[in-house]
Amino acid sequence: DGGITQSPKYLFRKEGQNVTLSCEQNLNHDAMYWYRQDPGQGLRLIYYSQIVNDFQKGDIAEGYSVSREKKESFPLTVTSAQKNPTAFYLCASSIPSGANYGYTFGSGTRLTVV
Amino acid sequence: AQSVSQHNHHVILSEAASLELGCNYSYGGTVNLFWYVQYPGQHLQLLLKYFSGDPLVKGIKGFEAEFIKSKFSFNLRKPSVQWSDTAEYFCAVNREAAGNKLTFGGGTRVLVKP
């Protein structure tokens, strides 16, 4: 089945450490996105990529970094510069536009700083 | 900046009651509108979407939404809810001129009592 795989499901990080969240899709979608979900704030866009080797900052990119070396993969690194990293992180992908445009989401990674 | 507002953070109702969740956005111009649902422990999934045409859109599981351009609104409705509709609901807006990003509202947690 086609879909998006996020790993790990749960991640614990010590303060001062960088961690990388994995996102892989086999939907052949060009566009991929990272969102952060916090209670009462909905989903906020961290980074997005519309094509391989290109990505743009979203609304809350500070303290995060991404890469897009392959169409299937869009890993997110949460750096030590992110002041409040504890959150639920969602990866999504989509076709660029058209009648079938819409996001497919992964199951998420819950990151906790300990 | 574009924003999406969902007026109710929490809704509690009994089975067979009618449900209406409000969504307003602050951007003029051509928009695509979405409602997503997140059932407990599951992926975010698409309920329905509006791109153009009939402003009354029907989605899965008996949900519908009405786009009222003059009010910048896209309210979600269901005439008779079931316990299985307990979930968090997110409204999302895509501004065509801004590419394929979605901006999400803060979400509404719905609890349906059996």
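Please read these numbers as outputs of a predicted model, since none were measured by experiment. (Residues numbered from 1 in each chain as written. Chains lettered and ligands numbered in written order. Predicted model: local features only at pLDDT ≥ 70, side-chain atom pairs only at ≥ 80, totals over all residues. Heavy atoms only, no water.)

What follows deals with the interface of chain B and chain A. Each side of the interface is counted separately: chain B has 16 residues, and chain A has 25 residues. Between chain B and chain A, a total of about 1,700 Å² is buried, with carbon and sulfur atoms accounting for 54% of that surface. Taken together, the links from chain B to chain A amount to zero salt bridges. Elements represented by at least two residues in the side of chain B that touches chain A include exactly strand S5 (31-38), strand S6 (44-50) and strand S10 (87-95) of chain B. Classifying every residue of the side of chain B that touches chain A by side-chain character gives seven nonpolar, six polar and three charged. (Contact = heavy atoms within 4.5 Å. Buried area = accessible area lost by both parts, 1.4 Å probe. Salt bridge = Lys/Arg side-chain N within 4 Å of Asp/Glu carboxyl O. Helix = DSSP H or I, 4+ residues; strand = E, 2+ residues; numbered from the N terminus. Nonpolar A, V, L, I, M, F, W, Y, C, P; charged D, E, K, R; others polar.)

Glancing now at a nonpolar patch on the surface. Residues and elements named next belong to chain A. A surface patch of nonpolar side chains, amounting to about 380 Å² of accessible area, comprises Tyr10, Phe12 and Val114. Inspection of the secondary structure assignment puts Tyr10 in strand S2 (residues 10-13). Exposure remark for Tyr10: the relative accessible area of 53% places this residue in the exposed category. (Patch = residues over 30% accessible without salt bridge, like charges linked within 9 Å, V, L, I, M, F, W, Y side chains within 5 Å. Areas by Shrake-Rupley, 256 points an atom, 1.4 Å probe, with all protein chains shown as cover. Buried < 20%, exposed > 50% of the residue type's maximum accessible area, 1.4 Å probe, protein only.)

For the rest of this paragraph, the subject is the sheet that holds strand S3 (residues 19-25) of chain A. Residues and elements named next belong to chain A. Here we have four strands laid out as an open sheet, ordered S1-S3-S8-S7, and antiparallel in their pairing. The open sheet has two free edges, formed respectively by strand S1 (4-7) and strand S7 (64-66), since each of these has just one partner strand. The sheet shows a mean angle of 20° between the axes of neighbouring strands, direction not considered. (Pairing = 2+ DSSP bridges. Axes fitted to C-alpha atoms, helices over the stretch in contact; angles between N-to-C directions.)

This part takes up the packing of aromatic side chains. With the rule as written, the count across this model stands at 15 aromatic pairs over all chains. The interplanar angle of 35° and the centroid separation of 4.7 Å between the aromatic rings of Tyr50 of chain B and Phe67 of chain B together place this pair among those described as tilted. In this pair, Tyr50 of chain B sits in strand S6 while Phe67 of chain B sits in strand S8 (residues 64-68), placing the two residues 17 residues apart along the sequence. The class of Tyr50 of chain B is buried, set by a relative accessible area of 8%. On the accessibility criterion, Phe67 of chain B (12% relative accessible area) is buried. Members of the aromatic cluster, connected to one another through ring pairs, are Tyr33, Tyr35, Tyr103 and Phe105 of chain A together with Phe34, Tyr36, Phe51 and Phe104 of chain B. Above the plane of the ring of Phe74 of chain A lies Arg68 of chain A, whose end atom (NZ or CZ) is 6.0 Å from the centre. (Phe/Tyr/Trp six-rings, centres within 6.5 Å; stacked < 30°, edge-to-face > 60°. Lys NZ or Arg CZ within 6 Å of the ring centre and 35° of its normal.)

All names here are of chain A. Going through the model one piece at a time under the given rule, you end up with two disulfides over all chains. At a sulfur-sulfur separation of 1.9 Å, the disulfide partner of Cys23 is Cys91. A torsion of -75° about the S-S bond marks the disulfide between Cys23 and Cys91 as left-handed. A residue pair is termed long-range when its members are at least 10 positions apart, and Cys23 in strand S3 and Cys91 in strand S9 (residues 87-94) qualify at 68 residues. Judged by relative accessible area, which is 0%, Cys91 ranks as buried. (Disulfide = S-S within 2.5 Å.)

Moving on, we get to the side chain of Thr109 of chain A. Residues and elements named next belong to chain A. Relative to the assigned elements, Thr109 resides in strand S11 (residues 109-113). The class for Thr109 is buried, based on a relative accessible area of 0%. Those residues in contact with Thr109 that sit more than four places away from it in its chain are Gln6, Ser7, Pro8, Lys9, Leu11, Leu21, Ala87, Phe88 and Tyr89.

Residue and element names in this part refer to chain A. With the rule as written, the count across this model stands at eight salt bridges over all chains. Between Lys71 and Asp30 there is a salt bridge, and its shortest N-O distance comes to 3.4 Å. With Lys71 in the loop between S7 and strand S8 (76-78) and Asp30 in the loop between S3 and strand S4 (31-38), this pair connects stretches of sequence that are 41 residues apart. Judged by relative accessible area, which is 22%, Lys71 ranks as partly exposed.

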